[in-house]
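A structural walkthrough
Spelled out from the first residue to the last, the chains are:
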Amino acid sequence: MPRVVVKAVFENVKFKCQRCGSCCHHKRPLDFEELIPMERLKEFCERSNLIYLTKKDINSISKRTGKDPVKFVDTLYDYDGCSVKVEDNARKVILDLPVMKSKADTTCVFYENGCTIYSVRPIACRLFPFRVEEETASNGDTLLNISYNPTCPGIGKGEPVDRNKLERQVSELFMQRASDINPQLQRMIASGAISANAKVYRTLPGKREKK
Ligand code: SF4
Ligand code: SF4
């Protein structure tokens, strides 16, 4: 049975957030290099800061701010709470993973001289500057390799990173994402809405195929 293996692939890294706000402005289009459909990649990258949101994130932010999710959630299609879309006569399944909306200047919609939803900020924001590259190993295992963005000014400051804690956070993100998507996929397969030869595409940042 395939496993999910989470591993921090770095040694002896220190980190302390300097609250520079840079990660609330950056766009990370290169993380979406496998985003499908490709014809919508440019539009999506221009509109979004590409911060992935789990359902739990969306519910917490909505509860805390009183905002309807459509005000802050961005997807390739109109946001309807469903992460699975089917196209091309049921042969193309697109995992339409929700991310945070940006303002016109590319800052996150919740950035006003700092994060205005800090206590409920998404798990992707809590993980930054650490990032996950996902691979499928030859034995079918899913490998979640954690590295970091060296341009973050907090890298090299403060205390050594607790790798176990980081690995637990990444596992939590993975589990939340799986529980958001898998039931929707299973329902569509069971109802015949997805054809047997359908290809699955995804919009998740960090996806890499094993060479
Ligand atoms: S995580 Fe890094 S880039 Fe983001 S606010 Fe902290 S120091 Fe700045
Ligand atoms: S939710 Fe907060 S921490 Fe995350 S990008 Fe927006 S302003 Fe920054």
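Above this text you will find the structure in question.
Summarised in this report is the structure supplied together with it. Nothing here was measured: the structure is a model prediction, and the numbers come from that model. (Residues numbered from 1 in each chain as written. Chains lettered and ligands numbered in written order. Predicted model: local features only at pLDDT ≥ 70, side-chain atom pairs only at ≥ 80, totals over all residues.)

Some points on the site of ligand 1
As a structural note, the neighbourhood of ligand 1 is formed by Cys17, Gln18, Arg19, Cys20, Gly21, Ser22, Cys23, Phe128, Pro129, Cys152, Pro153 and Gly154. Residue composition of the shell around ligand 1, grouped by class: seven nonpolar, four polar and one charged. (Near = placed C-beta within 6 Å. Nonpolar A, V, L, I, M, F, W, Y, C, P; charged D, E, K, R; others polar.)

Regarding the sheet that holds strand β1 (residues 4-8)
On the basis of which strands lie adjacent, the open sheet formed by three strands has the order β1-β9-β8 and mixed pairing. Of all the strands in the sheet, just β1 and β8 (130-136) have a single pairing partner and so form its edges. Along the sheet, successive strands turn relative to each other by an average axial angle of 20°, direction set aside. One ladder, built from five bridges, connects β1 with strand β9 (residues 142-148); its direction is parallel. Across the sheet, Lys7 pairs through a bridge with Asn145, a residue of β9. Together, β1, β8 and β9 form the strand contacts of helix α4 (residues 163-191), whose direction differs from that of β1 by roughly 140°. (Pairing = 2+ DSSP bridges. Helix = DSSP H or I, 4+ residues; strand = E, 2+ residues; numbered from the N terminus. Axes fitted to C-alpha atoms, helices over the stretch in contact; angles between N-to-C directions. Contact = placed C-beta atoms within 7 Å.)

Concerning the environment of Pro129
One can find Pro129 in the loop between α3 (123-127) and β8. When the C-alpha positions of Pro129 and Cys152 are compared, they lie 6.3 Å apart, and in sequence the two are 23 residues distant. Once residues within four sequence positions are removed from consideration, Pro129 is found in contact with Cys23, Tyr148, Asn149, Cys152, Gly154 and Ile155.

Examining the sheet that holds strand β11 (residues 199-202)
Spatially, three strands are ordered β5-β6-β11 in an open sheet, and the strand pairing comes out mixed. The open sheet terminates on both sides in strands that have one partner only, identified here as β5 (84-87) and β11. In this sheet, neighbouring strand axes are inclined to one another by 25° on average, regardless of whether the strands run parallel or antiparallel. Sheet topology note: the strand β6 (residues 92-95)/β11 ladder contains four bridges and is parallel. If you follow Ile94 over to β11, its bridge partner there is Tyr201.

Note that every value here comes from positions in space, so none of it alone points to a role or purpose.
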